[in-house]
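In case you want the letters, here they are:
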Amino acid sequence: MSFDVLKRQPRVVDFLRAAIQKNRLPHALLFVGSEGSGQREAAAYLAASLFCLKRNGAEPCGICAACKRVLEEAHPDFIILTQPEDSQVIKVDEIRGLKNKAALKPLEACAKVFVIDPADKMNDIAQNALLKTLEEPEGHSIFILITSSIEKILVTIRSRAQRVLFTP
């Protein structure tokens, strides 16, 4: 994974940079766009920006140990929840596990970044289980929900997350 795909999403990058620099990063983000438009890369960019050891403003260096581990999806404070291979949906048990991890302090970084990709694969029970956590996140946790089908995300979740639109 690299940040090269984000060159096609300058408004997204500008939004994330400004939010980090002004220390006004929402605790819940809803990345909306067609598949392959860079949502997962933007999530990694955000995590690297927060965790980077040699950050320049809000720009991650991309070469320090923290940045490399984020890019490899191996950083302990960058947690990605995906649809299990043996299931059509993300179930409530996966969300409960994620909520338990959110209750813990970050292992290395200043925050934890949780990514649910694709968020539209959560069933209604799982989405409702996530709701309380999005309303009142414990500690310093940031949740990024990635979707290409916003209509499959409950209205109550949409209202609690800052929507970030990705162009095709």
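Structure's up top.
Every value quoted in this text rests on a predicted model; they were computed, and no experiment measured them.

Trainee: Help me out: how do you make sense of the packing of aromatic side chains in this one?
Mentor: Any aromatic ring pair is given by two values, namely how distant the centres are and how the planes are angled relative to each other. A complete count under the given rule lists two aromatic pairs for this structure. Between the aromatic rings of Phe-31 and Phe-166, the centroid separation amounts to 5.1 Å while the plane-to-plane angle is 55°, which identifies the pairing as tilted. On the criterion of sequence distance, the pair formed by Phe-31 in strand β1 (residues 28–32) and Phe-166 in the segment after β5 (162–165) is long-range, its members being 135 residues apart. With relative accessibility at 0%, the residue Phe-31 sits in the buried group. Considering the side-chain rings of Phe-114 and Phe-143, the 5.1 Å spacing of their centres and the 15° angle between planes classify their relative orientation as stacked. Placement of the pair is Phe-114 in strand β3 (residues 112–117) and Phe-143 in strand β4 (residues 141–147), with a sequence separation of 29 residues. Of the two residues examined, Phe-114 and Phe-143, each falls in the buried class.

Trainee: Whenever I open this one, the environment of Ile-144 confuses me. Can you help?
Mentor: Among the structural elements, Ile-144 can be located in strand β4. Classification of Ile-144 as buried rests on a relative accessible area of 0%. Distance in space between the C-alpha atoms of Ile-144 and Gln-162 is 9.4 Å, their sequence separation being 18 residues. Setting aside residues up to four positions removed in sequence, Ile-144 forms contacts with Leu-29, Phe-31, Ala-43, Leu-46, Val-113, Phe-114, Val-115 and Ile-116.

Trainee: I keep staring at the nonpolar core and nothing clicks. Help me out?
Mentor: As a rule of thumb, nonpolar side chains are buried together in soluble globular proteins. Within the largest apolar cluster, 31 residues are counted, with the highest numbers of intra-cluster contacts made by Phe-31, Leu-46, Phe-51, Phe-78, Val-113 and Ile-144. Listed by contribution, the elements that provide at least two residues to this core are α1 (10–21), β1, α2 (39–51), α3 (65–71), β3 and β4. It is α2 that contributes the most residues to this core, nine residues altogether. Aside from chain neighbours lying at most four places away, what touches Phe-78 is Ala-43, Ala-44, Ala-47, Phe-51, Val-70, Glu-73, Val-113 and Val-115. Val-32, Val-92, Ile-95 and Ala-119 belong to the second-largest nonpolar core, a separate cluster that totals 25 residues.

Thresholds applied
Residues numbered from 1 in each chain as written. Predicted model: local features only at pLDDT ≥ 70, side-chain atom pairs only at ≥ 80, totals over all residues. Heavy atoms only, no water. Phe/Tyr/Trp six-rings, centres within 6.5 Å; stacked < 30°, edge-to-face > 60°. Helix = DSSP H or I, 4+ residues; strand = E, 2+ residues; numbered from the N terminus. Buried < 20%, exposed > 50% of the residue type's maximum accessible area, 1.4 Å probe, protein only. Contact = heavy atoms within 4.5 Å. Core = buried A, V, L, I, M, F, W, Y, C linked by side-chain atoms within 4.5 Å.

None of this, on its own, says anything about what the molecule does.
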